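One letter stands for each residue in the lines below.
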Amino acid sequence: GTSVLGLIKGRSAEGVTIVEASGQKRLLAQESIASSTQLTTSLMPAGLDAMFTEQELLDLVAYLRSLK
């Protein structure tokens, strides 16, 4: 009866490792997962981009692209 929201970081025999929006990693045992759904929207809260200047957004995107 619990929902978990995050990015799948890996799958193994032990289960699925996800990273939640807080940055915390969680290992979910395979047998505890009843279903999974891929979201069609971003995890970023709506309107968050309005808190940044244009330059800050450009810097953020450049940083995120550098992580690949």
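For the structure itself, look to the data block above.
Here's what I pulled together on the structure shown here. Residues take numbers from 1 onward in each chain, read along the sequence in its written order. Only residues with pLDDT of 70 or above have their local features reported here, since the model is predicted, and side-chain atom pairs are shown and tallied only from 80 upward, although totals for entire chains, interfaces and linings are computed over all residues. Side-chain calculation: all heavy atoms of the structure are included, whereas hydrogens and water are not.

A few words now on the environment of Gly47. Strands here are runs of E lasting at least two residues and helices are runs of H or I lasting at least four, both read from the DSSP assignment and numbered beginning at the N terminus. On the secondary structure map, Gly47 appears in the loop between strand S3 (25-29) and helix H1 (54-66). When the C-alpha positions of Gly47 and Gly1 are compared, they lie 30 Å apart, and in sequence the two are 46 residues distant.

Attention shifts here to the pairing of strand S2 (residues 15-20). Here's how the labels work: a residue is buried when its accessible area is under 20% of the maximum for its type, exposed when over 50%, partly exposed in between, all with a 1.4 Å probe on protein chains only. Judged by how many residues are buried, S2 sits mostly within the fold: five of six residues are covered. With five bridges connecting them, strand S1 (residues 6-11) and S2 associate as antiparallel partners. Looking at the pairing, Gly10 lines up with Thr17 of S2. If DSSP finds at least two bridges between two strands, the strands pair. Hairpin connection, S1 to S2: the antiparallel pair is bridged by three residues. As paired strands, S2 and S3 are joined by five bridges and run antiparallel to one another. Looking at S3, one finds that Val16 is bridged to Leu28. Linking two consecutive strands that pair antiparallel, namely S2 and S3, is a turn of four residues; a positive phi of about 95 degrees is found at Gly23 within it.

All right, on to the sheet that holds S1 then. Strand order in the open sheet formed by three strands is S1-S2-S3, and the pairing between neighbours is antiparallel. A strand with exactly one partner marks an edge of an open sheet, and here the two such strands are S1 and S3. Between one strand axis and the next, the sheet turns by 30 degrees as a mean value, whatever way the strands run. Where helices are involved, their axes are fitted lines through C-alpha atoms of the stretch in contact, as for all axes, and angles between N-to-C directions lie from 0 to 180°.

Now for the layout of surface pockets. Whether a set of points on the 1 Å grid over the protein atoms alone is a cavity depends on a 1.4 Å probe fitting there but being unable to get out, while an open set qualifies as a pocket with protein on both sides within 12 Å along at least five of seven lines; lining residues are those with an atom within 4 Å of a point. Grid points are joined across faces, edges and corners, and a volume is the space filled by probe spheres set on the points. Here the largest pocket defines a volume of roughly 780 Å³. Lining the largest pocket are 23 residues; nearest its centre among them are Val4, Gly6, Ser35, Ser36 and Thr37. Broken down by secondary-structure element, the contributors of at least two residues to the lining of the largest pocket are S1 and S2. The element best represented in the lining of the largest pocket is S1, accounting for four residues. When residues are sorted by character, Ala, Val, Leu, Ile, Met, Phe, Trp, Tyr, Cys and Pro go into the nonpolar class, Asp, Glu, Lys and Arg into the charged class, and all the rest, Gly among them, into the polar class. Looking at the lining of the largest pocket residue by residue, the class counts come to 11 nonpolar, 11 polar and one charged. Considering only enclosed or pocket space, the second largest pocket measures out at about 180 Å³ in volume. As for the second largest pocket, its lining consists of Leu7, Val19, Glu20, Ala21, Leu43, Met44 and Pro45. For the lining of the second largest pocket, the per-class residue count stands at six nonpolar, no polar and one charged.

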